[in-house]
Amino acid sequence: MFAQRIAKKLDKFGEQFTCDGNTYSGVFKILDTGTMRTYLDDTEVLGVTRPGLMLVTKPDADIQINDTITRDGRNYTVFKKSLHRISGTSVVMIVILA
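Scope of this entry: the structure provided in the associated data block. Predicted, not measured: the structure shown is a model, and the values here were computed from it.

**Overview of the packing of aromatic side chains**
- Here the structure, examined in full by the defined rule, presents 2 aromatic pairs.
- On the numbers, 5.6 Å between centres and 85 degrees between planes, the contact of F17 with F28 is edge-to-face. Of this pair, F17 sits in strand β1 (residues 15–19) while F28 is found in strand β2 (residues 22–30), placing the two residues 11 residues apart along the sequence. Neither residue differs from the other here; F17 and F28 are each classed as buried.
- By the ring-pair criterion, three or more aromatic residues cluster together here, those being F17, Y24 and F28.

Calculation rules
- Residues numbered from 1 in each chain as written.
- Predicted model: local features only at pLDDT ≥ 70, side-chain atom pairs only at ≥ 80, totals over all residues.
- Heavy atoms only, no water.
- Phe/Tyr/Trp six-rings, centres within 6.5 Å; stacked < 30°, edge-to-face > 60°.
- Helix = DSSP H or I, 4+ residues; strand = E, 2+ residues; numbered from the N terminus.
- Buried < 20%, exposed > 50% of the residue type's maximum accessible area, 1.4 Å probe, protein only.

Written out as structure tokens, the structure reads:
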């Protein structure tokens, strides 16, 4: 139930983006140093082109490492992804874009 509510909110308030020709919706955030340190180790942080972005989208979005995401005419590469779960149910996918 919780995952469905989050999915509806992402559809309603999220920004549309394309990933390898498929359209999805999600919420983008500029990747600050603190957030980078949460998801990336020191070596990975050096590989992020600034400004990097963090994307929150539905867990069933077909997004893979090294895919290209287009937002506002700019291309980003999927650097890392992580599924976040509540009680074993995937609720959102966090994607780090470089």
